[in-house]
Amino acid sequence: DAEVVGQITTFIAGRSFIYHEVSAERVAPQEAIEGNIEVHHTDVLEAKDDGKIEVNLIPSGQIDIESGRIHLLDDPGGAPIARVEGGLVRVEEALENYTVVTDLITTEPWGTVYEVLAAARESRVYVYEGSVRVTSTDPRFPEPVVVSAGEWVRARKGEPVSEPEVFILSRARVDPGSGASECIYSNCKTIDDPRIPEPPIYTPGVLVPPPPTPPGRQ
C-alpha cells in the first residue's frame, strides 16, 4: 500500500474528488470525497466547479486546491513533488516534504505563502510571504528567477520565466474576524482576490505609473 502523506481537512461535498494510487500504468476511478480522509502517495486530488480541498501534509505544510488538480508523486530523481495538472494550488506553512511543480516550472520556497496556477499554455506563481525561486523545466532556460512577496511571474512553453512584476494586494492579509462573509479563504487571511485575470496578453492588475502631467497643466 502507498504511504499516508496527509489528511484532508476541508472540502466541498459534490465538488471534491480523489483518485487513488494513479500511475502511468494505472488509471484509477474517480471517487467523491465524503470526509476528512487520509491522502496517500500517488493519489490525485481534484476540485471541480469552484470547489476547494485543503490538505495538511506530513510532517508539515498545507496545500489548498481551488478548482484544480494535483498529483502527489516522485520526480525522476525520487524527490516527492506535488504536480499541479491544472487550476490553482496555494501553499501555506513550511512545506518540508513536497515541491510544487507544473509541466513548465519548478518552485523552491523559503518560509513562504504562495500560489501556483497551471493553465493550458502557461504557469504562474504569485508570492504572498517570503520568496520563491522559480525555474523553467525547459533546459534552454536554466537560470532561476527569485520572486519576492507581492510579486508574480509567468512561464510559457518555449519561453524563459518572466521577470517579477508587482501585483495589487487590495485589502489583503486583513483579518476581519471569524465568520466574515467576504473571505475567499477559510482562514480569512485574504479577502480580495489579487490574481491577475486572463487574457495573458496584458496584465491589468499590475501597478502602472500614471502618465506625466503636460507642461502648464495642474
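What you are looking at is a predicted structure, and each value in this text was computed from that prediction instead of being measured.

Colleague: Hey, could you go over the overall build of the protein for me, with residue numbers and the actual values?
Modeller: Scanning the protein for helices and strands turns up zero helices and 14 strands. Secondary structure elements in the protein, listed N-terminal to C-terminal, are β-β-β-β-β-β-β-β-β-β-β-β-β-β. Buried residues in the protein amount to 45% of all 218 residues. Here the contacts in the protein between residues at least 6 apart in sequence split such that 48% fall between residues at least 24 apart. With an accessible surface of roughly 11,400 Å², the protein has 52% of that area assigned to carbon and sulfur atoms.

Colleague: Talk me through the side chain of Arg90; I want residue IDs and the actual numbers.
Modeller: Along the chain, the position of Arg90 falls in strand E8 (residues 80-92). Engagement of the side chain of Arg90 in a polar contact is seen with the side chain of Glu92, the distance being 2.8 Å.

Colleague: Run through the side chain of Ser16, naming residues and quoting values.
Modeller: With respect to the helices, strands and loops of the structure, Ser16 is situated in strand E2 (residues 16-19). Relative accessible area serves as the criterion here: at 0%, Ser16 is assigned to the buried category. Of the polar contacts made by the side chain of Ser16, one reaches the backbone oxygen of Ile12; its length is 2.8 Å. Those residues within four positions of Ser16 in sequence are excluded, and the remaining contacts are Phe11, Glu31, Ala32, Ile33, Glu46, Lys52 and Ile53.

Colleague: I'd like to hear about the pairing of strand E7 (residues 62-74), residue by residue, with values.
Modeller: For E7, the tally of buried residues reaches ten of 13 residues, placing the bulk of the element in the interior. With three bridges connecting them, strand E5 (residues 44-47) and E7 associate as antiparallel partners. Bridge pairing links Leu45 to Ile70 in E7. Alignment of strand E6 (residues 52-57) against E7, held across five bridges, turns out to be antiparallel. Each residue of the ladder has a partner; that of Val55, found in E7, is Ile63. In this structure, the hairpin formed by E6 and E7 is closed by a connection of four residues, where Gly61 is found at a positive phi of approximately 110°. In this structure, E7 lies alongside E8, joined through eleven bridges in antiparallel fashion. Across the sheet, the residue bridging to Asp64 is Arg90, located in E8.

Basis of the calculations
Residues numbered from 1 in each chain as written. Predicted model: local features only at pLDDT ≥ 70, side-chain atom pairs only at ≥ 80, totals over all residues. Heavy atoms only, no water. Helix = DSSP H or I, 4+ residues; strand = E, 2+ residues; numbered from the N terminus. Buried < 20%, exposed > 50% of the residue type's maximum accessible area, 1.4 Å probe, protein only. Contact = heavy atoms within 4.5 Å. Areas by Shrake-Rupley, 256 points an atom, 1.4 Å probe, with all protein chains shown as cover. Polar contact = N/O pair within 3.5 Å; in protein donor to acceptor, adjacent residues only side chain to side chain. Pairing = 2+ DSSP bridges.

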